[in-house]
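Here is how the chains run, residue by residue.
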Amino acid sequence: MRRLQEVLRDWEAVIGLEVHTELTTLQTKMFCDCRICHDDPPNTNVCPVCLGLPGALPVPNRRAIEYIVMAGLATNCHIQRHSSFYRKHYFYPDMSKNYQTTQGPVAFCMHGHLDLEVRGQGAQERPDATADKNEDGSYVAPIRILRIHMEEDAAKMVHVGGSEGRITSASESLIDYNRCGTPLIELVTEPDLRTPEEARLFMEKLRRTFMALGISDCSLESGSMRCDGNVSIRRRGTTGFGVKTEMKNLNSFKSLHDALAYEICRQAEVLEAGGAVRQETRHWEPSRRRTMVMRVKETADDYRMYPDPDLAPFDLSDEFVQQCRDRVPELPDARRDRYMAELGLSRKAAEQIAGDPATARFFEQAVRLAPRAASMVANVVVNMLPAMQAVTPEQTASIAELLAAEAITFAQAREVLGLADGTNEDPRRIVDERGLRQSTDADALAKTVDEVLERCPDQVRQYRDGNKKVVGFLVGQCMKASRGTGNPKLFNQLLLKRLST
Ligand SMILES: [Zn+2]
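All of these numbers come straight from a predicted model, not from anything done at the bench. (Residues numbered from 1 in each chain as written. Predicted model: local features only at pLDDT ≥ 70, side-chain atom pairs only at ≥ 80, totals over all residues.)

A. Focus on the domain arrangement of the protein chain. Domain boundaries in the protein chain define domain 1 (4–302), domain 2 (329–434) and domain 3 (442–500). One C-alpha centre belongs to domain 1, the other to domain 2; they are set 36 Å apart. Here the side of domain 1 that touches domain 2 gets four residues from one element, more than from any other, and that element is helix H3 (residues 196–213). Split by residue class, the side of domain 1 that touches domain 2 holds three nonpolar, one polar and one charged. (Domains from an automatic or database assignment. Helix = DSSP H or I, 4+ residues; strand = E, 2+ residues; numbered from the N terminus. Nonpolar A, V, L, I, M, F, W, Y, C, P; charged D, E, K, R; others polar.)

Shown next, in the form of structure tokens:
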């Protein structure tokens, strides 16, 4: 098959996503007060409501409605004041009342959008002429959101001895109703995505946003956030829609990207050979790096949707919506931009810290203690803390200040943090006690430089031949020779002096 970038020069991909997010941070289910905990022994968090026993009446979870409204506000949706729950009928053991409670034509949240900033290599997937690209090749892709509606999750079925997802005569099926009735929100995009990279970025941004709202643990791996992708292709320059296929099992950002990329290339191959794309649901197999047919859709499903007579329609008050608005925190992308503008962080560091609420909290606490060393705090948080167990914001602030003042080297900072990890020790005391000051003794450093140059004649020759980058390597060798105590800037200066003579 041809490469994606090549295919996308002739064909335009039309991609839409459906994202299901379980509101796992809620204590109780959507219409009853059963606990949400999928890991409990099977069928222990159940009651007449979520088991669908006749006569049991549902009571909506106010908190879940707050969460979906917050999700809508954070994705620029219009909050629909009047909406209601519908019954979607189907017969399958995972929903014993034989219908799923969901929303009809009007959902709580309608017509939103998220803007994606596409940069770097991923931006190259989209041919230059088809997007308003900046000088560095980056561009902004506005993605419309059709709706976000509320529904309930089904029970979990395990098929023993048969093939996954299918009941065969040889198999036995087990049902765990613990998950049944867990509040889910389903977000549907308009078919505005044009490359697999855009789809991946959309999903990442959505996940960051929902994490910041605290409405779900957003785990793609465990399935609390699940994504289906619809994709069709059309000749560049045309505007009609081709036949689309639906992709399942996209349980990582990589799978989402790779499955869409595969599918776009597959459809192009079919069409270029004079064939026709069939409307079908396909399953991504990461190990074989291809999609396989799951089922062929012949007719539209008839769910006999109608308003649920057991649930009164909603009329959300202005006060309620305002309460939800007040609970929406600063969102990750806004936070990233603020870190860059106000604290001078690099885009990469700002993005990494702002993207995780716990890390952002920690970082801001440390910056409050060391306001002048903010970018050094970011450096420590991003590069050193992942290897530590329990370093405090106070310790992080101290280390950042020592580094910013060039009192210690990065290697020493690592060592000190390792010693302070899990204790309440002030890193300054450890530095003083161990005499771990950075060496700025020019004579001692010059001696190290001479030794290193003597050991590395090849690199010296490369430098003189014009490869200036080799200095970085030599500084590294000097740092190593000084066991991390030498001042790297001084090493750099001394090396340049020696090499230029
Ligand atoms: Zn229940």
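B. Quick look at the packing of helix H2 (residues 62–74) against H3. As a packed pair, H2 and H3 sit with axes 10 Å apart at the nearest point and diverge in direction by 130°. Judged by the angle between their axes, H2 and H3 are oblique. The crossing of H2 and H3 is right-handed. Listed contacts from H3 to Met70, Ala71 and Ala74 of H2 are Thr209, Phe210 and Leu213. Across the contact of H2 with H3, the residue classes tally to five nonpolar, one polar and no charged. (Axes fitted to C-alpha atoms, helices over the stretch in contact; angles between N-to-C directions. Parallel < 35°, antiparallel > 145°, perpendicular 65-115°, else oblique. Left-handed = near helix turned anticlockwise from the far one by under 90°. Contact = placed C-beta atoms within 7 Å.)

C. Representation of the sheet that holds strand S6 (residues 109–118) within the structure. Taken in spatial order, the nine strands of this open sheet run S2-S6-S7-S10-S1-S11-S12-S13-S14, and their pairing is mixed. Across the chains shown, the open sheet's two edge strands, defined by having one partner strand only, are strand S2 (78–79) and strand S14 (290–296). Of the strands in this sheet, strand S1 (11–22), strand S11 (225–235), strand S12 (245–248), strand S13 (280–285) and S14 are in contact with helix H4 (residues 253–272), which crosses S11 at around 25°. (Pairing = 2+ DSSP bridges.)

D. The arrangement of H3 in detail. If you check H3, its first and last C-alpha atoms are 26 Å apart, about what 18 residues at 1.5 Å a residue would give, namely 26 Å. Among the 18 residues that make up H3, 16 are buried, leaving the element largely enclosed by the rest of the structure. Just past H3, the residue glycine 214 takes up positive phi, approximately 75°. (Expected span 1.5 Å × (residues − 1). Buried ≥ 20, exposed ≤ 12 C-beta atoms within 10 Å, placed from the backbone.)

E. Main features of helix H8 (residues 357–369). Here H8 spans 19 Å end to end across 13 residues, near enough to the 18 Å set by a 1.5 Å rise per residue. Listed in full, the buried residues belonging to H8 are Ala360, Phe363, Ala366 and Val367. Looking straight down H8, one finds its buried side chains confined to an arc of 130°; they lie on one side. In H8, the exposed positions angled more than 90 degrees off the buried face are occupied by Ala358, Arg361 and Arg368. Looking at the buried side of H8, the elements it contacts are helix H6 (332–343), helix H7 (347–354), helix H9 (374–383) and helix H10 (393–404). (Arc of directions from axis to C-beta.)

F. View of the sheet that holds strand S5 (residues 99–103). Within the open sheet, the three strands sit side by side as S5-S4-S15. Their pairing is antiparallel. Strand pairing shows two members of the sheet lacking a second neighbour, S5 and strand S15 (306–307), which therefore form its edges. Sheet analysis places strand S4 (residues 85–89) next to S15, joined by two bridges and oriented antiparallel. Looking at the pairing, arginine 87 lines up with tyrosine 306 of S15.

G. How the structure looks around the packing of H2 against helix H5 (residues 318–327). At their nearest, the axes of H2 and H5 sit 9 Å apart, and the two run at 65° to each other. Accordingly, the angle class assigned to the pair H2 and H5 is roughly perpendicular. Taken as a pair, H2 and H5 cross one another with a handedness that is right-handed. Judged by residue contacts, Glu66, Val69, Met70 and Leu73 of H2 engage Val321, Cys324, Arg325 and Arg327 from H5. When the residues that make up the contact of H2 with H5 are grouped by side-chain class, the tally is five nonpolar, no polar and three charged.

H. How the structure looks around unusual backbone geometry. Positive phi is not limited to glycine here, since asparagine 43 has a value of about 60°. You can see asparagine 43 is positioned in the loop between S1 and H2.

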